[in-house]
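# Fold and geometry: a report
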Amino acid sequence: DDAETPEKAKDIGNAAYKAGDYKRAIMFYSRAIELAPDDEDQKKIFYSNRSAAHAALKQFEDSLKDATVCTELDPFWAKGWYRRGLAQVGLERYRDAEESYRRGVDYAPRDDDLQRALQEVKMML
């Protein structure tokens, strides 16, 4: 499990995530973040993945923090807004989630997941 590059750490994290070992995934996504200090395009993916792993463990505050970093690293990346909305739904912050999904849809109007999530959260309001 030597993760000496950010890509290797991400790959190990992805394998752990797929196996349902979310704590291990978080550990390796964190390692990937450490190993890629200046690469914002890579880091947003690592934060997004770690956000998903936190959400899978119902650690929605941590999920929201990582998703927020995604949106700060790249405000135009729709997936960051999607992750943020998912965390906000987990925290029962439905109006905030609606706003996050809406921002994501602004940047990716053809994204079916975002469109569906936005419609679902509107029904929760």
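Relevant structure appears above.
Below, the structure is looked at part by part.

Reading the values: the criteria
- Every chain is numbered on its own, with residues counted from 1 as its sequence reads.
- Where totals are concerned, whole chains, interfaces and linings use all residues; where local detail is concerned, this predicted model gives features only for residues with pLDDT of at least 70, and gives and counts side-chain atom pairs only at 80 or more.
- Remark: hydrogens and water are excluded; side-chain values derive from all non-hydrogen atoms of the structure.
- Here a helix means four or more residues in a row that DSSP labels H or I, a strand means two or more in a row labelled E, and each is numbered from the N terminus.
- For the radius of gyration, the atoms used are the C-alpha atoms, and the globule rule reads 2.2 Å times the number of residues raised to 0.38.
- A 1.4 Å probe rolled over the protein chains alone gives each residue an accessible area, and that area as a share of the maximum for its type sets the label: buried under 20%, exposed over 50%, partly exposed in between.
- Any two residues whose heavy atoms approach within 4.5 Å are treated as being in contact.
- Areas reported as accessible are Shrake-Rupley estimates using a 1.4 Å probe. Residue values count occlusion only from the protein chains shown.
- The convention is simple: Lys and Arg are positive, Asp and Glu are negative, and His and the chain ends are not counted.
- One atom stands in for each charge, and that atom is NZ of Lys, CZ of Arg, CG of Asp or CD of Glu.
- For a helix, the expected span equals 1.5 Å multiplied by the residue count minus one.
- Comment: arc refers to directions from the helix axis out to C-beta atoms.
- Any N or O atom pair separated by 3.5 Å or less is treated as a polar contact, with the protein-specific requirement of one donor-capable and one acceptor-capable atom, and with residues adjacent in sequence counted only for side-chain atom pairs.

Helix and strand counts for the protein chain stand at seven helices and zero strands. From first element to last, N terminus to C terminus, the protein chain shows the α and β order α-α-α-α-α-α-α. Relative to the compact-globule value of 14 Å for 125 residues, the protein chain shows a C-alpha radius of gyration of 14 Å, a close match. Projected onto the principal axes, the alpha-carbon positions of the protein chain cover approximately 45 × 25 × 20 Å. Burial status across the protein chain gives 44% buried among its 125 residues. Summarising the internal contacts of the protein chain: among those between residues at least 6 apart in sequence, 45% fall at separations of at least 24. Total accessible area computed for the protein chain in this model is approximately 7000 Å², and 46% of it derives from carbon and sulfur atoms. In the protein chain, which carries 21 positive and 25 negative side-chain charges, the distance between the mean positions of the two groups comes to 4 Å.

Taking 1.5 Å per residue as the helical rise, helix 7 (residues 112-124) with its 13 residues ought to reach 18 Å, and the 19 Å between its terminal C-alpha atoms agrees with that figure. Of the positions making up helix 7, those classed as buried are Leu 114, Ala 117, Leu 118 and Val 121. Along helix 7, the residues classed as buried sweep out an arc of 100° about the axis, all on the same side. Every exposed residue of helix 7 that faces more than 90 degrees away from the buried side is listed here: Asp 112 and Met 123. Buried residues along helix 7 sit in contact with helix 5 (78-90) and helix 6 (94-107). N-cap assignment for helix 7: the residue whose side-chain oxygen lies 3.0 Å from the backbone N of Asp 113 is Asp 111.

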